[in-house]
Amino acid sequence: MNRYLILALLFTSTLLMRAKGDPLPTFKKLQLTDQFWSEGATFGDFNHDGKMDVVAGPYWYEAPEFTKRHEYAPATETFTRKQADGTETIIPGFEGALGTNNTYSKNFIAFTYDFNGDGWTDILILGFPGEESWWYENPKGKEGHWLRHTAIEVTDNESPTFGDLTGDGKPEIICSSKGFLGYAEPDWQHPENKWVWHSISPDNKYHKFTHGLGYGDVNGDGRKDILEKDGWWEQPTALAGDPIWKFHPFQFSAAGGSQMYAYDVNGDGLPDVITALAAHGYGLAWYEQLRTKNDKGEIQFLQHLILNPEAKPNADGLSWSQLHAVALVDLDGDGLKDIVTGKRFWAHGNHGDPEPNAPAVLYWFKLVRNPDQTVSFVPHQIDNDSGIGTQVVAGDINGDKLPDIVVGNKKGTFIHLQSK
């Protein structure tokens with residue numbers, strides 16, 4: 001399709017939506033730093049002033065201006081950048097866009113929660129795959145490094161997550177560890193102790209760099225299941241004794257993508273699945289849960305592509321690689337959850353992956369349920385020079401009831417504040 005025709009169609013679509021009194025969100029970008037400290041970032045009220053601050057790497061940035069940063073963990077990492085004239089400069093952080101070589105941070109994913117119940121928000125960091133994850137205890141307004149507690153010694157998979165999997169009202173780390181898939185939960189009376197690991201699978205030799213993971217109620221029984229690239233694990237009626245969950249094979253992606261979600265996309269009452277197809281390649285899709293099962297009684301899914309699984313523009317003329325993080329959020333307030341994703345900048349450095357130096361875009365895809373019972377995900381660019389990391393987080397940061405977006409990656413730390 002001619003790109004000018006595509007632009008005209010998108011413009012017409014925008015006018016129609018605005019004519020219906022549904023203005024599209026716009027975003028203001030704030031770059032908090034150009035240093036590379038983490039591939040994930042999130043937000044929480046760390047100084048107890050009622051405003052949401054941002055955490056990325058060893059720093060938290062104070063709201064509402066986000067210009068003052070506090071070092072809650074040692075920020076000792078540096079690298080040397082050699083100039084064209086032979087002079088050298090010491091740059092804080094890991095080597096990312098400010099350098100040339102490929103390196104990785106020790107901070108892949110960040111979450112916040114009050115772990116010890118003292119009313120102050122703590123920080124959970126899921127580290128480099130195969131290594132420890134920690135939570136940092138908020139010192140209740142005191143400056144200096146926060147006390148660090150080891151949550152789990154080995155956190156595998158490149159999209160581990162944190163949420164209430166078991167239905168007890170409290171969150172767990174969901175990941176693979178030492179070859180097993182499962183979850184880790186603290187002793188809530190003594191959260192400073194190492195968390196208890198619960199395997200839900202046999203030793204399937206899951207590699208620490210496995211891609212694609214999520215959780216949600218796939219079969220509609222009211223219990224959260226675990227999603228992975230090759231299928232889903234059904235949560236049993238009781239968890240006592242750590243039973244092995246039933247595995248339902250279905251290849252959602254061969255290479256494995258990013259965060260995975262169970263969500264009723266088309267409004268038919270059946271949970272569908274949303275995932276990127278290849279964290280270091282191309283493709284984004286939703287899988288429609290069908291009402292008919294196969295001859296083995298297994299739930300079947302029909303793939304609907306949003307972005308093609310190869311370097312081929314979709315009907316909107318869009319294609320980019322390295323969709324290493326996906327968020328699902330009602331971004332425009334219409335009651336339907338939209339997709340937020342983009343390009344992870346230099347996932348493997350400035351070479352090695354397809355198009356590593358293409359613009360680091362950030363997009364949201366508006367979910368539209370059409371009158372003919374079909375579904376559209378209408379793309380809208382937020383930015384073309386920030387992208388995503390191994391995590392992208394959406395939520396109301398500035399208290400205006402509109403979801404904002406926070407990103408940490410090799411280009412730095414960014415907030416995209418929404419307005420209408």
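Residues numbered from 1 in each chain as written. Predicted model: local features only at pLDDT ≥ 70, side-chain atom pairs only at ≥ 80, totals over all residues. Heavy atoms only, no water.

Student: Account for the sheet that holds strand 26 (residues 375-383), naming residues and giving values.
Tutor: With antiparallel pairing, four strands are arranged side by side in an open sheet as 23-24-25-26. Each of the sheet's edge strands pairs with one partner strand only, and the pair in question is strand 23 (326-329) and strand 26. The mean inter-strand angle of the sheet, taken between neighbouring strand axes irrespective of direction, is 25°. Two elements, strand 23 and strand 24 (residues 338-342), share four bridges in a ladder whose sense is antiparallel. (Pairing = 2+ DSSP bridges. Helix = DSSP H or I, 4+ residues; strand = E, 2+ residues; numbered from the N terminus. Axes fitted to C-alpha atoms, helices over the stretch in contact; angles between N-to-C directions.)

Student: Quick rundown of the nonpolar core? Include the residues and the values.
Tutor: Formed by 21 residues in total, the largest nonpolar core has its most connected members in Val265, Leu284, Trp320, Ile339, Phe365 and Phe377. Secondary-structure elements contributing two or more residues to this core are strand 20 (272-276), strand 21 (284-293), strand 22 (299-307), strand 23, strand 25 (362-369) and strand 26. Examining the composition of this core, we find that three residues originate from one element, strand 25, more than from any other. Look past the residues within four positions of Leu284 in its chain and what remains in contact with it is Thr275, Ala276, Leu277, His304, Leu305, Ile306, Leu307, Leu323, Val326, Ile339, Thr341 and Phe365. Phe36, Ala75, Val393 and Ile397 belong to the second largest nonpolar core, which has 19 residues in total. (Core = buried A, V, L, I, M, F, W, Y, C linked by side-chain atoms within 4.5 Å. Buried < 20%, exposed > 50% of the residue type's maximum accessible area, 1.4 Å probe, protein only. Contact = heavy atoms within 4.5 Å.)

Student: Report on the packing of aromatic side chains, specifying residues and quantitative values.
Tutor: Applying the stated rule across the entire model yields 29 aromatic pairs. An angle of 80° between the planes, with centres 5.7 Å apart, marks the rings of Phe128 and Phe209 as edge-to-face. On the criterion of sequence distance, the pair formed by Phe128 in the loop between strand 9 (122-126) and strand 10 (131-137) and Phe209 in the loop between strand 14 (196-199) and strand 15 (213-216) is long-range, its members being 81 residues apart. For Phe128, a relative accessible area of 14% translates into the label buried. When its relative accessible area of 30% is taken as the criterion, Phe209 is described as partly exposed. Summarising the aromatic geometry, the rings of Trp320 and Tyr363 are spaced 4.9 Å apart at their centres and angled 20° between planes, so their arrangement reads as stacked. With a gap of 43 residues between them, Trp320 in the loop between strand 22 and strand 23 and Tyr363 in strand 25 connect regions that are remote in the sequence. The burial state of Trp320 is the same as that of Tyr363; both residues are buried. Seen from the ring of Tyr59, Arg69 lies directly overhead, with NZ or CZ sitting 3.7 Å from the centre. (Phe/Tyr/Trp six-rings, centres within 6.5 Å; stacked < 30°, edge-to-face > 60°. Lys NZ or Arg CZ within 6 Å of the ring centre and 35° of its normal.)

Student: Give a description of the sheet that holds strand 14 that names residues and reports values.
Tutor: Reading across from one edge, 8-9-10-11-12-13-14 is the order of the seven strands in this open sheet, with antiparallel pairing throughout. Both edges of this open sheet fall to strand 8 (109-113) and strand 14, since each of them pairs with a single strand only. On average, adjacent strands in this sheet sit at an angle of 35° to one another, irrespective of strand direction. The pairing of strand 12 (residues 172-177) with strand 13 (residues 180-185) spans five bridges and is classified as antiparallel. Residue pairing in the sheet places Ser176 in a bridge with Leu181 of strand 13.

Student: How would you explain unusual backbone geometry if you had to name every residue and give the values?
Tutor: The omega torsion across Ala63 and Pro64 is 5°, close enough to zero to call that bond cis. Inspection of the secondary structure assignment puts Pro64 in the loop between strand 4 (59-61) and strand 5 (69-71). Notably, Lys140 is not glycine yet its phi reads approximately 60°, a positive angle. Mapped onto the elements, Lys140 comes out in the loop between strand 10 and strand 11 (147-163). Even without a glycine there, the phi angle at Lys205 is positive, about 60°. Of note, Lys205 is situated in the loop between strand 14 and strand 15. The exposed category is assigned to Lys205, whose relative accessible area is 64%.

Student: Describe in detail the pattern of salt bridges, supporting the description with residues and values.
Tutor: Pairing between side chains of opposite charge can happen when the charged atoms of each approach one another. Overall, the coordinates contain 10 salt bridges when judged by the stated rule. Between Asp230 and Lys229 there is a salt bridge, with its nearest N and O atoms 3.1 Å apart. Using a relative accessible area of 17% as the deciding quantity, one classes Lys229 as buried. Between Lys366 and Asp334 there is a salt bridge whose closest N-O contact spans 3.0 Å. Taken together, the residues span a long stretch of sequence, with Lys366 in strand 25 and Asp334 in the loop between strand 23 and strand 24 at a distance of 32 residues. Overall, the relative accessible area of 5% leaves Lys366 in the buried class. One connected set of salt bridges, linked through shared partners, spans Asp332, Asp334 and Lys366. (Salt bridge = Lys/Arg side-chain N within 4 Å of Asp/Glu carboxyl O.)

Student: Describe the side chain of His149, with residues and values.
Tutor: Inspection of the secondary structure puts His149 in strand 11. Look at His149 and you get buried, because its relative accessible area is 10%. Other than its neighbours up to four places away in sequence, His149 contacts Ser133, Trp134, Trp135, Glu137 and Glu192.

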